[in-house]
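Working through the structure, step by step
The chain contents come next:
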Amino acid sequence: ASASDWQKRTIYQVMTDRFALPPSQDSQGAPCDTGAQLPCGGTWSGIENHLDYIQGMGFDAIWISPIVAQLQVPLPPPADGTAYHGYWPENIYALNDAFGTDSDLRSLISAVHSRGMFIMLDVVVNHLATYNVTANADPANPWSGISLTGYSLDEDSEYHPFCPITNYGNQTMVEQCWLGSAAVPLADVNTENQTTVDTYYSWIGDVVSNYTFDGLRIDTLKHIRKDFWPGFAQASGVFTIGEVLDSDAQYVGGYTQVIDAVLDYPGWGMVLQAFQTTGGSMSMLAQSIQNTSTYFKNGGFSVGSFLENHDQPRFPSFTNDTGLIKNAIAWVFVNDGIPIVYEGQEQEYTGGAVPYDREAIWLSGYETNKPLYKHITTLNMARQAAKNGSSSFLTTHMEVISTSTHSIAMAKYPMLSVLTNVGQSASGQVSVAVGSLGNGYSANSELVEVISCSSVKVDGSGNLAFTTQSGAPAVFLPSSMASKVCTNL
Ligand code: ABC
Ligand code: CA
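Residues numbered from 1 in each chain as written. Chains lettered and ligands numbered in written order. Predicted model: local features only at pLDDT ≥ 70, side-chain atom pairs only at ≥ 80, totals over all residues. Heavy atoms only, no water.

1. Focus on the nonpolar core
This is how it is decided: To form a nonpolar core, buried Ala, Val, Leu, Ile, Met, Phe, Trp, Tyr and Cys residues must be joined to one another through side-chain atoms within 4.5 Å. Relative accessible area decides the class of each residue, using a 1.4 Å probe on protein chains only: under 20% of the type maximum gives buried, over 50% gives exposed, and in between gives partly exposed. Two residues form a contact once any of their heavy atoms are found within 4.5 Å.
Judged by nonpolar contacts, the single largest core of 138 residues is most densely connected at Ile64 and Phe232. Excluding residues within four positions of it along the chain, phenylalanine 232 makes contact with Val123, Val125, Tyr200, Tyr201, Trp203, Ile204, Leu216 and Ile218. The next biggest cluster of nonpolar side chains, apart from the first, holds 15 residues, and it includes Leu416, Val434, Val458 and Phe476.

2. Description of the packing of helix H11 (residues 265-275) against helix H12 (residues 283-295)
Rule in force here: To get an axis, a line is fitted to the C-alpha atoms, and for a helix only the part in contact is used. The angle between two axes follows their N-to-C directions and goes from 0 to 180 degrees. Going along the chain from the N terminus, every DSSP run of H or I of four or more residues is numbered as a helix, and every run of E of two or more is numbered as a strand. When an angle is under 35 degrees it counts as roughly parallel; over 145 it counts as roughly antiparallel; between 65 and 115 it counts as roughly perpendicular; any other value is oblique. By convention the crossing between two helices is left-handed if the near helix lies anticlockwise of the far one by an angle smaller than a right angle, and right-handed if it lies clockwise. Amino acids are sorted into nonpolar (Ala, Val, Leu, Ile, Met, Phe, Trp, Tyr, Cys and Pro), charged (Asp, Glu, Lys and Arg) and polar (every other residue, Gly among them).
Put simply, H11 and H12 touch, their axes get as near as 8 Å, and they point 165 degrees apart. Classified by the angle between their axes, H11 and H12 sit roughly antiparallel to one another. Between H11 and H12 lies a crossing of left-handed hand. Facing H11, whose interface residues are Gly267, Met270, Val271, Gln273, Ala274 and Phe275, H12 presents Met284, Leu285, Gln287, Ser288 and Asn291. A class-by-class count of the residues in the contact of H11 with H12 yields six nonpolar, five polar and no charged.

3. Quick look at the sheet that holds strand E11 (residues 261-263)
Short version of the rule: Criterion used throughout: strands pair if DSSP finds at least two bridges between them.
Reading around the circumference, E1-E2-E5-E9-E10-E11-E12-E13 is the order of the eight strands in this closed barrel, with parallel pairing throughout. This sheet shows a mean twist of 25 degrees between the axes of neighbouring strands, independent of strand direction. As paired elements, strand E2 (residues 61-64) and strand E5 (residues 118-123) share four bridges and run parallel to each other. Its bridge partner being in E5, isoleucine 64 is matched across the sheet by leucine 121.

4. What about the packing of helix H13 (residues 322-334) against helix H14 (residues 371-389)?
Look at H13 against H14: their axes get within 10 Å of each other, and the N-to-C directions meet at 25 degrees. By the angle between their directions, the pair H13 and H14 is classed as roughly parallel. For the pair H13 and H14, the crossing hand works out as right-handed. On H14, the residues that touch Ile325, Lys326, Ile329, Ala330, Phe333 and Val334 of H13 are Leu372, His375, Ile376, Leu379, Asn380 and Arg383.

See the structure below:
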């Protein structure tokens, strides 16, 4: 599937080890101690068994953890833990048998496709993970304690010479030195060597076509030279979105010149600043929109928007104010980017930094009656309704209408949204002038605020006034388009 196919979708991020146990064990459950950094037992068959839970929230795409064979470390594990997350590849030609069999994976993919959903694969090119048995003896020389037997690249020359990344401001070092630790050095693949480059290009073409994946999430994008990526993306033949973990919009946006899209890390940082407290800066959101339009290939159309992922503390670990939480989640759905929700957000999980942000979803009982499960469902439905109601939704860039100390109003016809950080204990009249936005929002037009499902009317001069309830976000659609979201109207 192409970038424009993905632009129409919303993505639920599954961390395979933590989403669902295989059907045979599902009813017994299993404990999952995030701090232990051990596998908790999630599998591809488990995901397949719980697709209703994901689709029931309105998602039409999932992103799964990397699928390839992983480094095994002795127990008890080193401080970095084990490869339960899937980011420690050892052999790219074999599957991770902790997640199931080849036929389990194919069965999941066909089940996803038969629901009309897409599946995105997470891929790691930058490194293969190694384990240094003599780490404590000689941390400066990782090769001394490493055996490459069984690795898909098994010669030292296929890796960059060892050097740790010590300065993220030095791009050559970022690209050619090593991530990881002394115990688990992430051996940096020599992507300067054309034979190795060809190996990865043909591997990705084969994986995508063999399993019929619809898109790729590319790990550690900034750790490989930019001009490696267009050939890789082309060889894959599908949509590519990369991870560039950096807050600098210009730096991150530069990568949209070499693949379709990037995860919106710069925007994420600003969303945190806006909604972490009731004293947050709403102007950060306007700044983020401005940065994206300046530095990204197609502005906000070349990003994936997220509030949480498996590498960052969960948003409710910063605040338990439900008003702030609901607004921060809403941001992801009302802007131009492809919305991405990390498993567990719908359950209001509160885990902090890695590894505590990787709680097992089965411990929630897949409860669908939770406030945030419903909130996310509404936002997905609102996006669907906007998309179905007007073709301009997918081609119109979001514009800021107004900002104030505690609110921002944004339009992306036919969706109009007002986000606020007043917080759950506030209420009050917030006025938004919408007069100049054209047809759908003209004076006297009827709108529905789809989160509270209440009707509001634009006044004779094109102004809109409404009252926030418990600091909730407001998302308006023309009333003619809102009937599927708000069935009571
Ligand atoms: C494990 C343990 C951790 C332990 C660590 C040493 O070992 O779980 O508790 O602290 C995988 C696993 C991790 C594991 C790592 C290392 O491997 O998931 O659990 O940590 O073994 C991707 C993935 C991530 C994955 C890998 C490795 C890469 O999403 O899940 O990790 O395949 C860098 C990379 C980034 C990478 C991230 C983990 O490390 O660039 O691709 N993520 C600065 C740098 C960033 C750097 C970041 C690390 O520090 O610029 O490049 O990310 O914390 C902002 C600045 C940023 C700055 C941040 C901290 O602040 O703008 O530049 O980031 O304001
Ligand atoms: Ca590298």
